[in-house]
Amino acid sequence: MEPVFYTLEVLVKAAVRVNGIPITYHGLEHIPASGGAVIAINHTSYVDWLPAALAAHYRKRRLRFMIKEEMQHVKVVNYLISRTGTIPVDRSAGAGAYAVAVERLRAGELVGVYPEATISRSFELKGFKTGAARMAREADVPIVPLIVWGAQRLWTKDHPRRLGRSKIPITVEVGKPLRADDSMERTLQNLRTAMTELLHEAQRDYPSPKGAFWVPRRLGGGAPSPDEAKALDEAELAERARKRAEREAKSRR
């Protein structure tokens, strides 16, 4: 039963109700009722894991996420990681986490993966890493594309959080399972095509006020263009590297 996971499910559903967040799901039937699968999720928010996890829950499944290893240093988070089947990832040496994910998939689990790796500031799909496709091929399981739209209004990069009773709607679109191709390039292209179609579908009936920070430039919003977002990402990485170098230099003194 996994009591900690069960408790989290109860708390998360209660939080969604209390905060008045309507979540609309389309295509839940595409999440396999049994057996392993990679759930490939777009990444626009710090909380888009929540609607994705609930999508699996409503199919009577549990979604095992991969999470950066540093979070294990937070006692409460480490407690949850160790009791919910979450897979810690050391970004400097991800082979161990990859092997664990493949093992979980072969054991019939659902593993949630963000192919973009980091949050998209443009709210469009960024370039995909190969991990989701590689682990699906190695474990011989399908990849299920899943789009969360609207969560960026609650909490995303460069903008304040809105985690109170916001009543902000969220849409979840789940697509048909894909099989990994022998060609990694073809697999990634097929996944990207499927996720792009789902993203546009989610946006079609969702309000898109002109100039709103959370609306993509393509739809008349105020979000950075993909090129501008890439430049912001590069600047952020450079600043992190600078701070890391400063810390290392101080530790050597």
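Residues numbered from 1 in each chain as written. Predicted model: local features only at pLDDT ≥ 70, side-chain atom pairs only at ≥ 80, totals over all residues. Heavy atoms only, no water.

Engineer: Mind laying out the pairing of strand 3 (residues 63-68), listing which residues take part and the relevant values?
Structural biologist: Successive residues of a regular strand alternate their side chains across the two faces of the sheet. Pairing of strand 3 with strand 5 (residues 110-113) involves 3 bridges; the strand directions are parallel. Residue pairing in the sheet places Arg64 in a bridge with Val111 of strand 5. Where strand 3 lies against strand 4 (residues 87-89), 3 bridges are found, and the strand directions are parallel. Bridge assignment links Lys68 to a residue of strand 4, and that residue is Val89. (Pairing = 2+ DSSP bridges. Helix = DSSP H or I, 4+ residues; strand = E, 2+ residues; numbered from the N terminus.)

Engineer: Can you tell me about the layout of surface pockets, naming the residues and giving the values?
Structural biologist: Taken as a whole, the second largest pocket encloses approximately 180 Å³ of empty space. Every residue along the wall of the second largest pocket is listed here: Ser120, Arg121, Ser122, Glu124, Leu125, Lys126, Gly127, Pro226, Ala229, Lys230 and Asp233. Classifying every residue of the lining of the second largest pocket by side-chain character gives 3 nonpolar, 3 polar and 5 charged. (1 Å grid on protein atoms, 1.4 Å probe; cavity = no way out; pocket = protein on both sides within 12 Å on 5 of 7 lines; lining within 4 Å. Points joined across faces, edges and corners; volume = space filled by probe spheres on them. Nonpolar A, V, L, I, M, F, W, Y, C, P; charged D, E, K, R; others polar.)

Engineer: Which residues make up helix 6 (residues 184-204), and what values do they have?
Structural biologist: With 21 residues, helix 6 ought to run about 30 Å at 1.5 Å a step, and its terminal C-alpha atoms sit 30 Å apart, in line with that. The secondary structure elements touched by the buried residues of helix 6 are strand 2 (37-41), helix 5 (131-139), strand 6 (143-149) and strand 7 (170-174). (Expected span 1.5 Å × (residues − 1). Contact = heavy atoms within 4.5 Å.)

Engineer: Any chance you could break down the pairing of strand 6 for me, citing the residues and the numbers?
Structural biologist: In terms of burial, strand 6 is largely enclosed, as 7 of its 7 residues are buried. By the alternation rule, side chains of strand 6 split into Ile143, Pro145, Ile147 and Trp149 and Val144, Leu146 and Val148, which are all buried. The pairing of strand 2 with strand 6 spans 4 bridges and is parallel. In the sheet register, Ile41 faces strand 6, and the bridge partner there is Leu146. With 4 bridges connecting them, strand 6 and strand 7 associate as antiparallel partners. Each residue of the ladder has a partner; that of Leu146, found in strand 7, is Val174. (Buried < 20%, exposed > 50% of the residue type's maximum accessible area, 1.4 Å probe, protein only.)

Engineer: Which residues make up the nonpolar core, and what values do they have?
Structural biologist: If you look at the biggest cluster of nonpolar residues, it comprises 64 residues, and the most contacted ones within it are Ile23, Val38, Ile41, Leu146 and Val172. The leading source of residues in this core is helix 6, at 7 residues. Every residue in contact with Ile23, bar those within four places of it in the chain, is listed here: Val16, Leu50, Pro51, Leu54, Ile170 and Val172. (Core = buried A, V, L, I, M, F, W, Y, C linked by side-chain atoms within 4.5 Å.)

Engineer: Could you give an account of unusual backbone geometry, with specific residues and numbers?
Structural biologist: Phi at Lys60 is positive, roughly 60°, even though this residue is not glycine. A residue is classified by how much of its surface remains accessible, and Lys60, at 78% relative accessible area, is exposed. One non-glycine residue with positive phi stands out, namely Lys167, at about 60°. Counting through the fold element by element, Lys167 comes out in the loop between strand 6 and strand 7.

Engineer: Which residues make up the packing of aromatic side chains, and what are the values?
Structural biologist: Per the counting criterion, the structure on display carries 4 aromatic pairs. Their ring planes at 75° and their centres at 5.6 Å tell us that Tyr25 and Tyr58 sit as a pair that is edge-to-face. Here Tyr58 lies in the loop between helix 2 (49-57) and strand 3 and Tyr25 lies in strand 1 (residues 23-26), a separation of 33 residues in the sequence. On the accessibility criterion, Tyr58 (42% relative accessible area) is partly exposed. Centroid distance Phe65 to Tyr114: 6.5 Å. Interplanar angle 25°. Geometry classified as stacked. (Phe/Tyr/Trp six-rings, centres within 6.5 Å; stacked < 30°, edge-to-face > 60°.)

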